[in-house]
Amino acid sequence: MNDTRHAPFAVPGAEELAAFEVVRDHVAKGALSMIDWANNKPANRGKKPKVGGHQASSMSSVDLLCALYLGCRRPQDRVAVKPHAAPIIYSLMHLLGVLPRAAMGELREKGGPQPYPTKLKNPRFVDYTTSSEALGVCATIYDAYGAIHHNRALGPRLGLEPVDGTYWAHCGDGELTEGQIDESLYDAGRWQLDNLVWIVDLNRQSLDRVMNDSGSLERWVAAKFEGQGWATIPVRWGARAEALFAREGGEALQQVLEGLPDGVFHALLMLDGAALRQALVGGLEHTLPEQRHALTWFKENITTTAAQRRGITKALKGLDDSVVKSGLSHLGGHDMGKLIGAYQRAALIEGQPAVVIAHTVKGYGTTAAGHPENHGMLLSSEEVAGWGVERGLEDG
């Protein structure tokens, strides 16, 4: 067998991407529903405290993982999945026929799917136990080194076939603050592990706070990896956002958004479309008092020139508020086409490991989107039942 780690990938066409997005919607609904059931099933009422399940973290990762498993991962590859995205993997594996339907109703129960991915409990589809922050993702580095060493020395001497796989790690941005991360990233860089790709879920939140310590989390993450010999591939905007930037005046819109510190940009994601339009040009008009109150804060914290305000006004002119909201919140980590392209580029890089830095929204597509306290938040059962109905999913 030849080592085909750097062989070209099949690039999905429009129809295939559309099919992937349908699968993504079903995966998301399945994850939200299994968490909702775990917390509200009749057998638990009055007997158990809140079960939890991380609906918001799951929704920041659903596109990242569906793009990987549907568009890039090969049978010989190995993947570490961040702890709080476990329901996404369970839902995806259920759709693929690996996890039985009964297990979907037993999240966090004895004998059911574990709170976090655990290889001991689910060896068919969990490659790394990631229940301890950072340890699971770091294990991919040393497995990748073992594969390289095998192919270079041990395999040829013993007449063994090469280990022909890519080691993927899906990591939360808050997880990167763990101490063991840095020494492991350094090892990957000095060993030039080009069979290793990490995916950072950059939702700018760590537990119940916005990570605004450096002003730009992407720059901090990129510097951490680049300084230790990694190639970095940022994925900031999705197609709907780029469509707004392509309009007359859109360059100013993009310039202002990318110049905002994370704390301000993240707060923007919680506004509705009408308020977004006002906030970006210093306006204060809105029919809802809470949105008007927020606009006062944005007027104090967003500085724009007259030329930029004219450009933004042109770019958003004639668009429905819902289009403005949908476009400006469509970050790159929620665009499967962008993600698959970035993953494939990363896997083809030679001579160094690579990281894809994907901007996401924690709680994307739900009422919890971007909320600073959404880490342990539970959506209402009514919202979960109705999620995705407008895109053809069943109510319930």
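Please refer to the structure higher up on the page.
Residues numbered from 1 in each chain as written. Predicted model: local features only at pLDDT ≥ 70, side-chain atom pairs only at ≥ 80, totals over all residues. Heavy atoms only, no water.

S.K.: Can you tell me about the overall build of the protein chain, naming the residues and giving the values?
M.R.: The helix and strand tally for the protein chain stands at 16 helices and seven strands. Here the protein chain has a C-alpha radius of gyration of 22 Å; the compact-globule value for 396 residues is 21 Å, and the two agree. The C-alpha extent of the protein chain, read off along each of the three principal axes, is 75 × 55 × 40 Å. Taking all 396 residues of the protein chain together, the buried fraction comes to 53%. The long-range share in the protein chain, meaning contacts at least 24 apart out of those at least 6 apart in sequence, stands at 76%. When the accessible surface of the protein chain is summed, it comes to about 17400 Å², and 53% of that surface belongs to carbon and sulfur atoms. The distance from the centre of the 40 positive side-chain charges to the centre of the 46 negative ones in the protein chain is 2 Å. (Helix = DSSP H or I, 4+ residues; strand = E, 2+ residues; numbered from the N terminus. Rg over C-alpha atoms; globule rule 2.2 N^0.38 Å. Buried < 20%, exposed > 50% of the residue type's maximum accessible area, 1.4 Å probe, protein only. Contact = heavy atoms within 4.5 Å. Areas by Shrake-Rupley, 256 points an atom, 1.4 Å probe, with all protein chains shown as cover. Lys, Arg positive; Asp, Glu negative; His and termini not counted. Charge placed at Lys NZ, Arg CZ, Asp CG, Glu CD.)

S.K.: Tell me about helix H6 (residues 179-190), and name the residues and values.
M.R.: Buried residues of H6: Ile-181, Ser-184, Leu-185, Asp-187, Ala-188 and Gly-189, and no others. Residues of H6 that are buried make contact with helix H5 (135-158), strand E3 (196-202) and helix H7 (217-226). Two residues or fewer after H6 comes Gln-192, characterised by a positive phi angle close to 55°.

S.K.: Report on the pairing of strand E7 (residues 354-359), specifying residues and quantitative values.
M.R.: Burial runs high along E7: six of the six residues are buried. Covered by surrounding structure in E7 are Ala-354, Val-356 and Ala-358 together with Val-355, Ile-357 and His-359, the residues of both alternating faces. Two elements, E3 and E7, share six bridges in a ladder whose sense is parallel. From the neighbouring strand, Ile-199 faces E7, where its bridge partner is Val-356. (Pairing = 2+ DSSP bridges.)

S.K.: Summarise the nonpolar core; cite the residues concerned and give the values.
M.R.: Of all hydrophobic cores here, the largest spans 56 residues; its most connected members are Leu-68, Tyr-69, Trp-168 and Tyr-343. Elements represented by at least two residues in this core include exactly helix H1 (14-40), helix H2 (55-71), helix H3 (86-95), helix H4 (101-104), E3, strand E6 (231-235), helix H15 (336-348) and E7. Counting residues per element, this core draws most heavily on H1, which supplies nine residues. With sequence-adjacent residues up to four places away left out, Trp-168 is seen in contact with Leu-68, Cys-72, Asp-77, Arg-78, Val-79, Ala-80, Thr-140, Val-197, Ile-199, Tyr-343 and Ala-347. By size, the runner-up hydrophobic cluster in this structure holds 30 residues, among which are Val-264, Phe-265, Leu-276 and Ala-279. (Core = buried A, V, L, I, M, F, W, Y, C linked by side-chain atoms within 4.5 Å.)

S.K.: Account for the side chain of Asp-127, with residues named and values stated.
M.R.: Along the chain, Asp-127 falls in the loop between H4 and H5. Within the local environment of Asp-127, its side chain forms a polar contact with the side chain of Arg-73, the two groups lying 3.5 Å apart. Reaching out from Asp-127, the side chain makes a polar contact with the backbone nitrogen of Val-79 at a distance of 2.9 Å. Apart from the residues within four sequence positions on either side, Asp-127 is in contact with Arg-73, Asp-77, Arg-78, Val-79 and Lys-119. (Polar contact = N/O pair within 3.5 Å; in protein donor to acceptor, adjacent residues only side chain to side chain.)

S.K.: Tell me about the sheet that holds E7, and name the residues and values.
M.R.: Spatially, five strands are ordered E1-E2-E3-E7-E6 in an open sheet, and the strand pairing comes out parallel. The open sheet is flanked by strand E1 (78-80) and E6, the only strands paired with a single partner. The average undirected angle you get between the axes of adjacent strands in this sheet is 15°. Here E1 runs beside strand E2 (residues 167-172); their pairing, made up of three bridges, is parallel. Across the sheet, Ala-80 pairs through a bridge with Ala-169, a residue of E2. Set on the sheet, H7 makes contact with E3, E6 and E7; between it and E3 the angle comes to about 160°. (Axes fitted to C-alpha atoms, helices over the stretch in contact; angles between N-to-C directions.)

S.K.: Tell me about the environment of Tyr-90, and please be specific about residues and values.
M.R.: By the element assignment, Tyr-90 lies in helix H3. In this structure Tyr-90 comes out as buried when scored by relative accessible area, which is 1%. For the pair Tyr-90 and Pro-42, spaced 48 residues apart in the sequence, the C-alpha separation amounts to 22 Å. Of the polar contacts made by the side chain of Tyr-90, one reaches the backbone oxygen of Gln-114; its length is 2.7 Å.

S.K.: Mind laying out the packing of H1 against H2, listing which residues take part and the relevant values?
M.R.: Viewed as axis vectors pointing N to C, H1 and H2 meet at an angle of 145°, and their least axial separation amounts to 10 Å. The two elements H1 and H2 meet at a crossing, and its hand is right-handed. Contact residues: H1 offers Phe-20, Val-23, Arg-24, Val-27, Ala-28, Leu-32, Ile-35 and Asp-36, while H2 offers Gln-55, Ser-58, Met-59, Val-62, Asp-63, Cys-66, Leu-70 and Gly-71. For the contact of H1 with H2, a count of residues per class yields ten nonpolar, three polar and three charged. (Left-handed = near helix turned anticlockwise from the far one by under 90°. Nonpolar A, V, L, I, M, F, W, Y, C, P; charged D, E, K, R; others polar.)

S.K.: Give me the packing of aromatic side chains: which residues, what numbers.
M.R.: Any aromatic ring pair is given by two values, namely how distant the centres are and how the planes are angled relative to each other. Within the structure shown, the criterion is met by ten aromatic pairs. With a centroid separation of 5.8 Å and an interplanar angle of 80°, the aromatic rings of Tyr-142 and Trp-191 are classed as edge-to-face. With Tyr-142 in helix H5 and Trp-191 in the loop between H6 and E3, the pair connects residues that are 49 residues apart, well separated along the chain. Of the residues examined, Tyr-142 reaches a relative accessible area of 33% and is grouped as partly exposed. (Phe/Tyr/Trp six-rings, centres within 6.5 Å; stacked < 30°, edge-to-face > 60°.)

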